[in-house]
Amino acid sequence: MSSIDRSQEVGVTRSYEIRTYGCQMNVHDSERLAGLLEDAGYVRAPEGSDGDADVVVFNTCAVRENADNRLYGNLGHLAPKKAKRPGMQIAVGGCLAQKDRDTIVKKAPWVDVVFGTHNIGKLPVLLERARVQQEAQVEIAESLEAFPSTLPTRRESAYAAWVSISVGCNNTCTFCIVPALRGKEKDRRPGDILAEVEALVAEGVSEITLLGQNVNAYGSDIGDREAFSKLLRACGKIDGLERVRFTSPHPRDFTDDVIAAMAETPNVMPQLHMPLQSGSDAVLKAMRRSYRQERYLGIIEKVRAAIPDAAITTDIIVGFPGETEEDFEQTLHVVREARFAQAFTFQYSKRPGTPAAEMDGQVPKEVVQARYERLVALQEEISWAENKKQVGRTLELMVAEGEGRKDDATHRLSGRAPDNRLVHFTKPDQEVRPGDVVTVEVTYAAPHHLLAEGPVLDVRRTRAGDAWEKRNAAEAAKPTGVMLGLPKIGVPEPLPAAANSGCGCD
């Protein structure tokens, strides 16, 4: 490090950039990392900084096969930038950091900090320690130090929020490395969860998504098998909370009381993400999935009976070791029977440290690719057919921010229907803000979105829209270059209690 380290200049505010890979758990963890850094005096770098921030944090995923290569490629891209900028720091956290530990610093010695999934609250102090001691800091906790929701959070949305109800996973799926990296399931107290939801609603949030690696197993750690359904019903009693979602459940723990709670709680949305992984009983057994095809389709049938308009999505792995053509045909059979609104499809990815990586019968790449293309083609056909059924329906949309890439060119806005389908709609004459609710009629369906090309039927301004407007005004008013101080030493004080899907592997 250099004697002209910018972090030591009086009046200089250090900027940060966070790059997030993987599941919604990682996205929410990145919100916490941003909150920690801003609480420690950093400011967010402008969009498109591309490594020009004073601190660049990688929040990594270890699920896909190319995760390692992608990380080291990005770190290599930053190495010359760091060499030219004394005081710049690079940190690597998340599942890949938990897995690789010292390997990261050996392969990329210009990295300053490596931290794991259990100690994200240590990032500011580790950055400061690396700066003072002028050497890399690697700190990987083996178990959760404090539930992450006690940490400061800079939420990406003013109107919708993630709320973690548990961390970790008790399953032993043979293809998944996540339980080894995030540990056994640890549940939050229901009162703490509801206090956080109430506090978010008081700030203007109108939609929350309950998060867990295996979200509907909630209660196993606290000894209540119906804790998740009770939590859904309790969310239904929170005044001002318009939409409740959750991800990702596991078929093993998807019980009738959860279906009843979904159907009977008005603000729980008619949407379900239910990972399938394979339609073959033989493959499910090899995966150590505790359900079989009949059980899975039975759950889908019960959900559709209780919630006829539910949009059901899933995760599917193609080419698991030992998968035969007959096994794959069973997956296609379930896809045809279940008629998913959408499927997140993955080619099997061998991950060191998982039992599946050592299994016989690894399927040739060209066979996996061909099966994958057949599955995608079938699901595209079904998704389009299911979306066409929405044409002519009148829907209430929560206006979204940044979900329509072509909105500016097409003079449209975008929003999410109750079942989470994405709808692009004609921009009305009156002002509409993210978080507001509009009523539209669907006029056209594509496989992955709907269009409402007629006039907007109604606009309802909401507290969530007010919160978005207030937040944007505050962001615009923030001064630049103001001294906020160096990062504070130590873990921040906990906040008061009131304050796809998992990784494609649930």
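Right, let's talk about the packing of aromatic side chains for a bit. For any pair of aromatic rings, the description rests on two quantities: the centre-to-centre distance and the angle between the ring planes. For the structure on display, the rule yields 5 aromatic pairs. Ring plane angle 85 degrees and centroid distance 5.1 Å describe the contact between phenylalanine 228 and phenylalanine 246, whose orientation is recorded as edge-to-face. Here phenylalanine 228 is found in helix 8 (residues 227–235), whereas its partner phenylalanine 246 is found in strand 11 (residues 243–247), with 18 residues between them in sequence. The same class applies to phenylalanine 228 and to phenylalanine 246, which are both buried. Here the aromatic rings of phenylalanine 320 and tyrosine 348 are separated by 5.5 Å at their centres, their planes lie at 75 degrees, and the arrangement is edge-to-face. With phenylalanine 320 in the loop between strand 13 (311–318) and helix 12 (325–338) and tyrosine 348 in the loop between strand 14 (342–347) and helix 13 (365–388), this pair connects stretches of sequence that are 28 residues apart. Judged on exposure class, the residue phenylalanine 320 and its partner tyrosine 348 are both buried. Among the aromatic residues, those joined into a ring-pair cluster are Phe175, Phe320 and Tyr348. The ring centre of tryptophan 384 lies 4.4 Å from the NZ or CZ of lysine 388, which sits over that ring.

Turning our attention to the side chain of glutamine 347. For glutamine 347, the position within the fold is in strand 14. For glutamine 347, a relative accessible area of 16% gives the class buried. Of the polar contacts made by the side chain of glutamine 347, one reaches the side chain of lysine 365; its length is 3.0 Å. A polar contact of 2.8 Å, which involves the side chain of glutamine 347, links it to the side chain of glutamine 369.

Take helix 5 (residues 123–133) next. Of all the 11 residues making up helix 5, 8 are buried; the element is thus mostly covered by neighbouring parts of the structure. Residues of helix 5 that are buried include every one of Leu123, Pro124, Val125, Leu126, Leu127, Glu128, Ala130 and Arg131, and no others. In this structure, the buried side of helix 5 is in contact with helix 1 (24–39), strand 3 (55–60), strand 4 (89–94), strand 5 (113–115) and strand 6 (137–139). Phi turns positive, to about 55 degrees, at glutamine 134, one or two residues after helix 5.

Moving on to the sheet that holds strand 12 (residues 271–273). What the 3 strands build is an open sheet, ordered 12-13-14; its pairing is parallel. Both edges of this open sheet fall to strand 12 and strand 14, since each of them pairs with a single strand only. Each adjacent strand pair in this sheet contributes to an overall mean axis angle of 10 degrees, direction not counted. Of the strand pairs in this sheet, strand 13 and strand 14 are connected by 6 bridges, and their pairing is parallel. Counterpart to valine 318 in the pairing with strand 14 is glutamine 347.

Turning our eyes to something else, we now look at the sheet that holds strand 4. With parallel pairing, the 6 strands of this open sheet are ordered in space as 2-1-3-4-5-6. At either margin of the open sheet sits one strand with a lone partner, and together these are strand 2 (43–44) and strand 6. With 2 bridges connecting them, strand 1 (residues 15–20) and strand 2 associate as parallel partners. For tyrosine 16, the partnering residue across the bridge sits in strand 2 and is arginine 44. Along the sheet, helix 1 contacts strand 1, strand 2, strand 3 and strand 5; its crossing angle with strand 1, the most-contacted strand, is approximately 170 degrees.

The next subject is unusual backbone geometry. Trans is the prevailing form of peptide bonds, just as negative phi is the prevailing case for residues other than glycine. The residue after threonine 247, namely serine 248, is reached through a cis peptide bond having omega -10 degrees. Structurally, the position occupied by serine 248 is in the loop between strand 11 and helix 9 (256–264). Not every positive phi belongs to a glycine, and glutamine 134 is a case in point at roughly 55 degrees. As for its position among the elements, glutamine 134 is in the loop between helix 5 and strand 6. Judged by relative accessible area, glutamine 134 falls into the exposed class, the value being 52%. Of note in this structure, glutamine 277 is not a glycine but carries a positive phi near 75 degrees. As for its placement among the helices and strands, glutamine 277 is situated in the loop between strand 12 and helix 10 (281–286). Using a relative accessible area of 0% as the deciding quantity, one classes glutamine 277 as buried.

What follows concerns the nonpolar core. Ranked by size, the top nonpolar core spans 91 residues in total, and within it Leu75, Ile208, Leu210, Leu232 and Phe254 carry the most contacts. Residue contacts for leucine 232: discarding those within four places in its chain leaves Leu210, Val244, Phe246, Val258, Ala261, Met262, Thr265 and Val268.

The subject of this paragraph is the pattern of salt bridges. Opposite charge on two side chains permits them to pair, given that their charged atoms come into close proximity. One pass over the full model with this rule turns up 31 salt bridges. Taking the shortest distance from any N to any O, the salt bridge between aspartate 100 and lysine 99 comes out at 2.9 Å. A single network of salt bridges, built from pairs that share partners, joins Glu431, Arg433, Asp436, Arg461, Asp466 and Glu469.

Criteria and cut-off values
- Residues numbered from 1 in each chain as written.
- Predicted model: local features only at pLDDT ≥ 70, side-chain atom pairs only at ≥ 80, totals over all residues.
- Heavy atoms only, no water.
- Phe/Tyr/Trp six-rings, centres within 6.5 Å; stacked < 30°, edge-to-face > 60°.
- Helix = DSSP H or I, 4+ residues; strand = E, 2+ residues; numbered from the N terminus.
- Buried < 20%, exposed > 50% of the residue type's maximum accessible area, 1.4 Å probe, protein only.
- Lys NZ or Arg CZ within 6 Å of the ring centre and 35° of its normal.
- Polar contact = N/O pair within 3.5 Å; in protein donor to acceptor, adjacent residues only side chain to side chain.
- Contact = heavy atoms within 4.5 Å.
- Pairing = 2+ DSSP bridges.
- Axes fitted to C-alpha atoms, helices over the stretch in contact; angles between N-to-C directions.
- Core = buried A, V, L, I, M, F, W, Y, C linked by side-chain atoms within 4.5 Å.
- Salt bridge = Lys/Arg side-chain N within 4 Å of Asp/Glu carboxyl O.

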